[in-house]
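# Chains, contacts and geometry: an overview
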Amino acid sequence: MKELATWAQGVVSGAARLNGHTDQDWAILASVKETTRPWSSAVGNLFGVAVYAEPALADVLARSSRADRENSVATWFERLASGFPGTSFWPETALIGFAHAASGVSNDTVLAFMSRLEAALTANCFKAFSPQKASEVIGAFNRVLGLAQAVMVQAWEQAIITGVTQLGFNPKLMARMRSVAVRKMVDEGRNSLPVMVWDDSLSVGVAAIDAQHQRLVELLNQLHHSHTEGRGNEVVHSVLQALASYTVEHFAFEERLFAAHGFPQLAGHQQAHEKLVLRVTAFLEEWKAGRATMGAELFMFLRGWLNGHIRGSDREAGRYLRSQGVT
């Protein structure tokens, strides 16, 4: 149990750094335990509904008592809701993940249960407490449940890996094979991503800027198609050159417009523009010299940058320009 406790605590510590959990969450849950602990039976029932809705698990689940499973989860939740779950709580949460792996309960089912649980707790909290207190309790519940989810899911994965290893696979070889397979999946996934679609959410409310943004999206999508459809280096180079040239033109237009209307964040925009232009032109030079190949990484970078820049700083600039009468 000591090794499991150490492992589980490691998962908890890592997840807590990401979701912001502190001991204050336990204090918040402890302060309302008389209200929330009685919800444990309903939580157990919710778990039963989630698990027994899986037709593929019918044979496995028929060998055990549904009531026992639901009572086990209800007891687990009661400890969580108390705010004082004890040192064995996280190792026992890991054991739940192991049990899921043994009985064929998928991580998808666990995630679906956690999602439904969070929704149910949110509704219950707003019924039981003032809006301010409800928000505080919901936040504490969500952060603690996030840790529990991480422990269960990683325990499930660890159980599967251990089981495969015991069949005779070398763990180091498995790790290498998994790394290669995952990289291939990532590459295929990136290449199969849908093109960037223009819609009203990308509008900044200034017609000239919107029109140029639409053209940038068109060129980006042409670049993506020319690469993934294998149209040849000459076509890819032509589209890449057009994208680079138009990007420079668009940025210059924006900066002239911002300067003419005294946009106070002009310097920040110029810095962001310069960084992207340098990135694209440097890649173009590498491409011309035959030292670079078109990859999904460049497309993903450009797609993400354009998406984020339009929805972020360009939208802010759009609001300012409209306040100056520019439409």
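These remarks concern the structure in this document. (Residues numbered from 1 in each chain as written. Predicted model: local features only at pLDDT ≥ 70, side-chain atom pairs only at ≥ 80, totals over all residues. Heavy atoms only, no water.)

## Looking at the packing of helix α4 (residues 40-52) against helix α6 (residues 66-82)
The geometry of α4 relative to α6 is characterised by a closest axis approach of 7 Å and an angle of 130° between their N-to-C directions. Judged by the inter-axis angle, α4 sits oblique to α6. The two elements α4 and α6 cross, and the hand of that crossing is right-handed. On the side of α4, the interface is formed by Ser40, Ser41, Val43, Gly44, Asn45, Phe47, Gly48, Val49 and Tyr52, while α6 contributes Arg66, Arg69, Glu70, Val73, Ala74, Phe77 and Glu78. Tallied by class, residues from the contact of α4 with α6 come to seven nonpolar, five polar and four charged. (Axes fitted to C-alpha atoms, helices over the stretch in contact; angles between N-to-C directions. Helix = DSSP H or I, 4+ residues; strand = E, 2+ residues; numbered from the N terminus. Parallel < 35°, antiparallel > 145°, perpendicular 65-115°, else oblique. Left-handed = near helix turned anticlockwise from the far one by under 90°. Contact = heavy atoms within 4.5 Å. Nonpolar A, V, L, I, M, F, W, Y, C, P; charged D, E, K, R; others polar.)

## Notes on the pattern of salt bridges
All chains considered together, the criterion is met by five salt bridges. Taking the shortest distance from any N to any O, the salt bridge between Arg37 and Glu34 comes out at 3.3 Å. Classification of Arg37 by relative accessible area gives partly exposed; the value is 26%. Across the pair Glu92 and Arg79 runs a salt bridge, and its minimum N-O distance is 2.3 Å. With a gap of 13 residues between them, Glu92 in helix α7 (residues 89-103) and Arg79 in helix α6 connect regions that are remote in the sequence. Overall, the relative accessible area of 29% leaves Glu92 in the partly exposed class. Looking at Arg79, the relative accessible area reads 23%, which means it is partly exposed. (Salt bridge = Lys/Arg side-chain N within 4 Å of Asp/Glu carboxyl O. Buried < 20%, exposed > 50% of the residue type's maximum accessible area, 1.4 Å probe, protein only.)

## A few points about the packing of aromatic side chains
Tallying each qualifying case throughout the model produces eight aromatic pairs. With a centroid separation of 5.7 Å and 15° between ring planes, the pair formed by Trp76 and Phe89 is classed as stacked. Of this pair, Trp76 sits in helix α6 while Phe89 sits in helix α7; the two residues are 13 residues apart in sequence, bridging distant segments of the chain. Take Phe89: its relative accessible area is 1%, and that puts it in the buried class. Their ring planes at 55° and their centres at 5.1 Å tell us that Phe258 and Phe263 sit as a pair that is tilted. The pair formed by Phe258 and Phe263 is uniform in burial state, with each residue classed as buried. Clustering of aromatic rings is evident, with ring pairs tying together Trp26, Trp76, Phe89 and Trp90. (Phe/Tyr/Trp six-rings, centres within 6.5 Å; stacked < 30°, edge-to-face > 60°.)

## Focus: the nonpolar core
Core analysis: the biggest nonpolar cluster contains 46 residues, and Trp76, Phe77, Leu80, Trp90, Phe113 and Phe141 have the highest contact counts within it. When contributions to this core are tallied by element, the ones reaching two or more residues are α1 (2-19), α2 (23-31), α4, α6, α7, α8 (107-128) and α9 (131-166). Beyond its immediate sequence surroundings of up to four residues, Trp76 is in contact with Phe89, Thr93, Ile96, Met114, Leu145, Ala148 and Met152. (Core = buried A, V, L, I, M, F, W, Y, C linked by side-chain atoms within 4.5 Å.)

## Considering the environment of Thr36
Looking at where Thr36 falls in the secondary structure, it is placed in helix α3 (residues 33-36). Through-space distance from the C-alpha of Thr36 to that of Leu121 is 8.9 Å; in sequence the pair is 85 residues apart. Not counting residues within four places of it along the chain, the set of residues in contact with Thr36 comprises Phe77, Ala81, Phe129 and Phe141.

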